[in-house]
Amino acid sequence: MTTRTKFKFILILCLVLAVFTGYSQRKTTNFNKQWKFILDEDKENFAKENFNDASWTPLDVPHDWAFEKGVRTGGDQGQGGGYHDGGIGWYRKSFQVKNKSLSNTTYVNFEGVYMNSEVWINGQHLGKRPYGYISFRYDISEYLQEGKNTIAVRVDNSLEPSARWYHPCGIYAPVQLIEVNPLHISPNGIFVTTPEISEDKGSVNAQVKLTVSGKVPPKTILKTSILSSDGRVIAKAKHSVSDTSKPFDLKMDVSKPQLWSPETPALYVLETKVMVGKKVIDVVKTNFGFRTVKWEQSTGFWLNGENIKLKGACEHWEGGPVGGAWTKPMLRWKLQLLKDMGLNAIRPSHNPTPPMFYDICDEIGLLVMDEIFDGWHKKAPQDYGKQAFNDWWQRDIKEWITRDRNHPSIFVYSLGNETHSDIAPELVKFSRNIDNTRLYTSGAGNSEDMDIIGVNGGSENQSFIENKSFDKPFISTEAPHTWQTRGYYRTHTWWRDNELPNTYPLPNLTEKEIFFYEGIDPQKWKNRKQRFNSSYDNATVRICARKNWEQMRDNPWHSGHFRWTGFDYYGEAGLVHGGLPFNLFMGGALDVAGLKKDLYYFYQSQWTNETVLHMLPHWTHPRMKKGTIIPVWVYSNADEVELFLNGKSLGKDKPGTVWDEMQCDWMVPYEKGKLEAVAYIQGKEVKHLEVNTSKQPSKLNHTVQTLEAEDGFPASYILTSEGLDNEGNLFPYAENRIYYRLQGGIQKVSMENGDPIDPTSRTKSDFRKMFFGKTRLFLEGNDHCTEASVITASILGDKNLYLSNEIAIEAKQIPVLGNTDFPELSIKYTTDGSDPKTNGIKYLSPFEVSDGTTVKAIVLQNGMVVLSMEEVFGENEGLFWGDQHSADMWIGRGVNIAAEDALLEGEIKVSDNAHRYKGSGFVVFNGQDGAITWYKENDGEAGDFSIRFRYMHNNIGKLHPMKLFVNDEYVKTFEFKATGGWEKEWKFVNTIVNFKSGANSIRLETTGQSGPYIDELFVD
């Protein structure tokens, strides 16, 4: 080699090394800030590099436009989505790139976009990702330029409903810009396993995949270190790198490893470095843990050698007060509430969540059944199963497993939910080739192909539990199904589908019902489901929470359960609750505001060690006759509890182990006063609780909870407000509006009270009423926020003036952050409907009103109006108060689903131009053709059901034949004989059909001869 040739070779080598070593480590940039957004417009030039987006709305992600828009009658997502909308949205963001970054590799990483997202960089199309619940990224290196760059994202939710529950719309999870050396650790390229664990030693295998653009430079080394929780390096390994075509395996040992468990979530860190010579060019830190998992057919689930019960809950990503746009502080708050209830496990149903969910579960100690799909084929009309599953499932499973597999919290994978297909074995085989360290299950789908039998609602059946016959380990993936409306009580048992065969007995608590209040007058119900659900643990499908826990606890083969659900969630409003005005699902132990229901304390009393003492119901029953016998329950884990009424002991009771003795209970004749519970352990008082009969609300109690900022997310704040009487007692029926005015560096996220029928916008309104005495305002701090406060005000009193016609008005400024010295507030009001700005009386003390009065008020600060309020009082306002016969018309009726709430196709319309129809209307064809599709959830096993359609027409001699399809399979053709009128003469046609377990579609389709009026589908 000549000197000149040698010089050229050295020069080229130096240039190559300069590319690989000029940038030391990866740079991950929070990409959540300063996006631009537009909804319901769709133009090709939105993707162009130089498009002027100045008129678009500035915002940060995570963002959920469906939640932001709110509930709408006829909302695109239908009852399953809580009547929220879909649509098409666009996002744009500009950012600067320096010249030196152009020689590196840059990824844009999305953790969740729902759904059918397409991404452009500087006008160049990068790709499409249909699944809304999967992370994805694009290498944008070749399209970047020095200076300004623009990314555009199109999100297409035009096809709805695309899920069976509420789904978010938009970029609902974090986004990152990741800049790395051309030689770097591949995305999801690390797989940490712990193949051998003993008391003395834990072996660690780190499998690392590298990506390179060009050739690997000489002297490249891959190094791994294991760090303890306090940051000490406790093990090392290294490997020379010359070829990146295959992953590298680096093996290490840790002495006396601390084991990860829900009680002791010990985490280690694997630090992986890529080095060229002595220069670090990439580094990734990966949390992992040591733990052993074993499943046995006869004894259930074992963790770290201990046989434990999985005390879990299913949880939609959208359960809670923010829709799908969770920040990490808010998500930590949610998961910690579930952990504090006594949970040791959670099933994200029925889809993967953004990575921060698993990070938090690792940290606080929640086992995760990680689930990938709801269905392997269409279950909702326009879901992923229909739109994309066949083409995308392999890519989505690979992303899911490679992204999540290092989390110690993830102890089992679930491949689907209430879905059946011949593809199941292929799914298992494909997944196992990516991760064979965990077993695979599904929620009631192709159990014969899974490692673990997972059963949903069918696992609640008495015969299933008592006559079980399994050849594999078993887990109850979705049970029990029970409902509670916070603050609402009934002593009579309520069955969602009437009392089904094969259910455990659940007797009424009193011979005759004693509570007669409702959210809606039963005369206005669309169907018998449109009532609230009792908090006595006596509203269910097949089994109560107490009996379900008893069976799970006492059967060794029963690994545990995931109750449906942890939090209430938006959507599935028709399934249990009959449709609008209901817009959410009340299956949680907490409502959507995160306020604890009585059920929460039941689980605490059974699943935690800290002393629990919780009493129900409240002791304010203004319309109840003195001496009425009320079942008083106390959930406790103390040795015994004593109950006192007005200072007189009613005796002691001990919480038992049999299901109907798990609560201490007394039958107490009602009289006003003080009800007290005292808990004793070994004869000593350890806890005391009292509730008092309350008068009408006359003041508010406010508390602020701060959720600290983390991982680039700002701090969040929760302002809880309660309606109290003059003595400070909670008025459990308070439903007055609370108005809010934000000041300083905070912004509103949502207002939530847990009320399933409240139509007020959660995001746009400046007020939210109290629901059974409480409501909440959720706030988020702005960057560098130092001062913030909320002015709150309310016109307070008994809405229907039953207790008193005295009205009070309150206004306060609540400090959230920083300053507590505020200018004085003043109030002016009117009672004649006139404007208080011009005719207002200065509020000095409570005043009286008459039936039907509208009170208007303004709050002033420094002479400026900061809040305008209005509240109506009268005997027809607020809750409906009835008697024992108010709901008699619904006795013995089956499940009915209104035609007007179904999916309508063709030229058919909704009408109310007739008499005796049920619900809000009926469907008319007007001589045209079309189809009606209902959706019915079957939580149990597949079986035969009787269905009937209520119809009317008076076309003598015409039969208007319509085809019936169930789950897209033809069943029969109905002939609709004339009923004798077009006004009020309704009749039925009926048949027997087979419903599969899970979601079922029932479709009536015309055959060219139009159709009659169709009112309802009944399922008996």
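Here, the structure is the one placed above.
Described below are features of the structure shown in this document. (Residues numbered from 1 in each chain as written. Predicted model: local features only at pLDDT ≥ 70, side-chain atom pairs only at ≥ 80, totals over all residues. Heavy atoms only, no water.)

### Observations concerning the overall build of the protein
Stated precisely, the cut-off is as follows: By definition, any uninterrupted DSSP run of H or I lasting at least four residues is a helix, any uninterrupted run of E lasting at least two residues is a strand, and each is numbered from the N terminus. The quantity called the radius of gyration is restricted to C-alpha atoms. Its globule counterpart is 2.2 Å times the number of residues to the power 0.38. When a residue's accessible area, from a 1.4 Å probe over protein chains only, is under 20% of the maximum for its type it is buried; when over 50% it is exposed; and in between it is partly exposed. When checking whether two residues touch, look at their non-hydrogen atoms; a contact exists if any pair is within 4.5 Å.
Each helix and strand in the protein was counted, giving eleven helices and 67 strands. Computed over C-alpha atoms, the radius of gyration of the protein comes to 31 Å, within 12% of the 31 Å expected from 2.2 N^0.38 for 1020 residues, which places it in the range of a compact globule. Once the C-alpha set of the protein is aligned to its principal axes, its extents read approximately 110 × 80 × 65 Å. Across the 1020 residues in the protein, those meeting the buried criterion constitute 61%. In the protein, of all internal contacts separated by at least 6 residues, the share reaching a separation of at least 24 is 72%.

### Side note on the pattern of salt bridges
What counts, and what does not: Every case where a carboxyl oxygen of Asp or Glu lies within 4 Å of a side-chain nitrogen of Lys or Arg is listed as a salt bridge.
One pass over the full model with this rule turns up 54 salt bridges. Two residues, E118 and R154, come together in a salt bridge whose shortest N-O distance is 3.5 Å. Placement of E118 in strand 7 (residues 117-121) and of R154 in strand 10 (residues 147-157) is noted, with a sequence separation of 36 residues between them. The class of R154 is buried, set by a relative accessible area of 13%. A salt bridge links E550 to K547, with the nearest nitrogen and oxygen atoms 2.7 Å apart. Of this pair, E550 and K547 both sit in helix 9 (residues 545-554), three residues apart, roughly one helical turn. When sorted by exposure, E550 lands in the same class as K547, which is buried. Each of D40, K69, R72, D76 and D85 takes part in a single network of salt bridges with overlapping partners.

### Remarks on helix 3 (residues 328-340)
Turn by turn, an α-helix covers 3.6 residues, leaving residues three or four places apart pointing in a common direction. The criterion, for reference: Given a helix with a known number of residues, its expected span is that number minus one, times 1.5 Å.
Between its terminal C-alpha atoms helix 3 stretches 18 Å, which fits the 18 Å expected from 13 residues at 1.5 Å a residue. Within helix 3, burial applies to K328, P329, M330, L331, W333, K334, L335, L337, L338 and K339. Positioned one or two residues after helix 3, G342 has a phi angle of 115°, which is positive.

### A few points about the sheet that holds strand 55 (residues 864-873)
The test is simple: Should DSSP find at least two bridges between two strands, the strands are taken to pair.
Strand order in the open sheet made by the four strands is 52-51-54-55, with antiparallel pairing throughout. Either end of the sheet is taken by a strand with one partner, and the two such strands are strand 52 (841-842) and strand 55. The pairing of strand 51 (residues 825-830) with strand 54 (residues 853-861) spans six bridges and is antiparallel. Paired with K828 across the two strands is I858, which belongs to strand 54.

Taken by themselves, the reported measurements are silent on function.
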